[in-house]
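# Observations on chain architecture
Now for the letters of each chain:
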Amino acid sequence: MTEKNMRRDGVSPETDELASTLMGDAFDLLASGEGFEVLLAVQDGDGTVSSYEFEDDGPEACLEGARDRVRELGGAVRYAIAYEGAVEDEDGSYADALLLEFGERGYRAY
């Protein structure tokens, strides 16, 4: 069994709180008319949360930059990334969406 298959399913309360807070912050920015590319929140083992915003490159580069930052931070226990994107409707058209990605060491990422 590979390490990925041994990861737990579900979401810890700490990751849920981190992701929910970041999503709320992203909605607040959108409601105020402020745009953003990619927001990142990372929490270490001591509970310290660090926040980052990636905006100097295109959307794909910013998203990859956020994922790289998580990998670079050796003490990261959990993370959440929020970004604007689109989802496909049943009829094949696309609708704007606020997307959230999150993960925690030892858990599957979503």
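Just above sits the structure.
Overview of the structure. (Residues numbered from 1 in each chain as written. Predicted model: local features only at pLDDT ≥ 70, side-chain atom pairs only at ≥ 80, totals over all residues. Heavy atoms only, no water.)

### With respect to the pairing of strand β3 (residues 76–88)
Short version of the rule: Note: two strands are recorded as paired if DSSP finds a minimum of 2 bridges between them. A run of DSSP states H or I qualifies as a helix once it reaches four residues; a run of E qualifies as a strand once it reaches two. Both are numbered from the N-terminal end.
With seven bridges connecting them, strand β1 (residues 38–44) and β3 associate as antiparallel partners. Bridge pairing links D44 to A76 in β3. Judged from the eleven bridges that link them, β3 and strand β4 (residues 94–104) form a sheet pairing that is antiparallel. For Y83, the partnering residue across the bridge sits in β4 and is L99. Remark: five residues form the turn of the hairpin made by β3 and β4, two consecutive strands paired antiparallel; G92 in that turn has positive phi of roughly 90 degrees.

### Notes on the sheet that holds β1
Definition in use: Every axis in this analysis is a line fitted to C-alpha atoms, fitted for helices over the stretch in contact. Angles between the N-to-C directions lie between 0 and 180 degrees. Should any heavy atoms of two residues lie within 4.5 Å, those residues are counted as being in contact.
Spatially, β2-β1-β3-β4 is the arrangement adopted by the four strands of the open sheet, whose pairing is antiparallel. This sheet does not close on itself; its edge strands, each paired only once, are β2 (49–54) and β4. On average, each strand axis in the sheet is tilted by 20 degrees relative to the strand beside it, whichever way the strands run. Running at roughly 5 degrees to β1, helix α2 (residues 59–72) makes contact with β1, β2, β3 and β4 of the sheet.

### A word on empty space enclosed by the protein
Quick note on the threshold: A cavity here means a set of 1 Å grid points, computed over protein atoms only, where a 1.4 Å probe fits but cannot escape. A pocket is an open set with protein on both sides within 12 Å along at least 5 of 7 lines, and lining residues have an atom within 4 Å of a point. Grid points are joined across faces, edges and corners, and a volume is the space filled by probe spheres set on the points. Ten residues, namely Ala, Val, Leu, Ile, Met, Phe, Trp, Tyr, Cys and Pro, are considered nonpolar, four, namely Asp, Glu, Lys and Arg, are considered charged, and the remaining ones, Gly among them, are considered polar.
Inspection of every chain in the model, using the stated rule, returns one cavity of 30 Å³ or more. Here the largest cavity is characterised by a volume of approximately 40 Å³. In terms of lining residues, the largest cavity is bounded by G10, V11, S12, T15, F102, G103, E104, Y107, R108 and Y110. Grouping the amino acids of the lining of the largest cavity by side-chain chemistry returns four nonpolar, four polar and two charged.

### Here we look at the layout of surface pockets
To find leftover empty space, one rolls a probe the size of a water molecule over the atoms. One number sums up the size of the largest pocket: a volume of about 400 Å³. Residue lining of the largest pocket: 17 residues in total, with R7, V70, Y79, E104 and R105 positioned closest to the centre. Elements supplying a minimum of two residues to the lining of the largest pocket: α2, β3 and β4. Per-class residue counts for the lining of the largest pocket are seven nonpolar, two polar and eight charged.

The values are spatial; any link to function lies outside them.
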